[in-house]
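Observations on the three-dimensional arrangement
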Amino acid sequence: MRHRRSLKTALALASAFFASAVDGRESDHLAAFLSTYHCEIVGRLGQIHANPNRKARYIILADTSQPEHYVQCLFIEDDARMLCEVASGFFLTKPEENRIRIVSPQGLSALERLGFSGDATKGNFQAFVSTATAADFSAVADLMLTALYRGYEKRQPPRLEIDAPLGPGGRVMREQCPPPVS
């Protein structure tokens, strides 16, 4: 009996240790992903905000290996807020077809913790974010990257394609960013 209890205790401790190691690796991968793209996205948001053109005021981050996995944000209300969306799979099918779900229940839970709606019956998962000051762009960048990483349960940081017609980025802007943490 005592041996069985200590075995259960040992298994529980080993399981907890393994889970924390996995969480630690996942956190390290997420931190590396954030450090790789954060500065560039903040810079692009600043470019979009500074541009007087009132059309194409958006940024889209897509996983190059799975382009249906994307997060997009659009400046609204004279740039006071952004409407951000995480692709749900809703638009991958015709209305009469069964919907494709590209976000798992765990991914959806992560998105809801980030402030996204859990309802994709009429489109993508949505969240509204304040962009009243340029300082808010950092929070938007973190939100977009974390939503992409955790919403689609990435195990390795994905390579991104960034679409932002009014925020083209560029070599000079990227050179001003700190080197990514690996």
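Below or above, wherever it landed, is the structure these notes cover. In this text the structure is predicted, and so the values were computed from the model without any measurement.

Observations regarding the environment of Asn124
- Relative to the helices and strands, Asn124 is located in the loop between α2 (105-113) and β4 (125-130).
- Sequence separation between Asn124 and Phe90 is 34 residues, and the spatial gap between their C-alpha atoms is 6.5 Å.
- Contacts of Asn124, omitting those with residues within four sequence positions, involve Tyr70, Gln72, Glu85, Val86, Ala87, Ser88, Gly89, Phe91, Ser117 and Asp119.
- Among the polar contacts made by the side chain of Asn124, one reaches the side chain of Glu85 at a distance of 3.4 Å.
- In terms of polar contacts, Asn124 uses its side chain to reach the backbone amide nitrogen of Ser88, at 3.0 Å.

Points about the pattern of salt bridges
- Per the stated rule, a full pass over the model turns up 6 salt bridges.
- Two residues, Arg44 and Glu40, come together in a salt bridge whose shortest N-O distance is 3.0 Å. Here Arg44 pairs with Glu40, and both are found in helix α1 (residues 2-50), just 4 residues apart, close to one helical turn. No difference in accessibility class separates Arg44 from Glu40, as the two residues are buried.

Section: α2
- Turning to α2, its buried residues number three or more, namely Gly107, Ala110 and Leu111. Considered in projection along α2, the buried side chains sweep an arc of 100° and stay on one side of the axis. Every exposed residue of α2 that faces more than 90 degrees away from the buried side is listed here: Pro105, Gln106 and Arg113.
- Contact partners of the buried residues in α2: β3 (81-86), β4 and α3 (136-151).
- Among the residues trailing α2, Gly115 stands out with phi positive, at a value near 105°.

As for the packing of α2 against α3
- At a closest axis distance of 8 Å, the pairing of α2 and α3 adopts a crossing angle of 160°. Considering their axes alone, α2 and α3 lie roughly antiparallel with respect to each other. Helix-helix and strand crossings are classified by hand; for α2 and α3 the assignment is right-handed. From α2, Gly107, Ala110 and Leu111 reach across to α3, where they touch Ala147, Arg150 and Gly151.
- For the contact of α2 with α3, a count of residues per class yields 3 nonpolar, 2 polar and 1 charged.

Quick notes on the rules
- Residues numbered from 1 in each chain as written.
- Predicted model: local features only at pLDDT ≥ 70, side-chain atom pairs only at ≥ 80, totals over all residues.
- Heavy atoms only, no water.
- Helix = DSSP H or I, 4+ residues; strand = E, 2+ residues; numbered from the N terminus.
- Contact = heavy atoms within 4.5 Å.
- Polar contact = N/O pair within 3.5 Å; in protein donor to acceptor, adjacent residues only side chain to side chain.
- Salt bridge = Lys/Arg side-chain N within 4 Å of Asp/Glu carboxyl O.
- Buried < 20%, exposed > 50% of the residue type's maximum accessible area, 1.4 Å probe, protein only.
- Arc of directions from axis to C-beta.
- Axes fitted to C-alpha atoms, helices over the stretch in contact; angles between N-to-C directions.
- Parallel < 35°, antiparallel > 145°, perpendicular 65-115°, else oblique.
- Left-handed = near helix turned anticlockwise from the far one by under 90°.
- Nonpolar A, V, L, I, M, F, W, Y, C, P; charged D, E, K, R; others polar.

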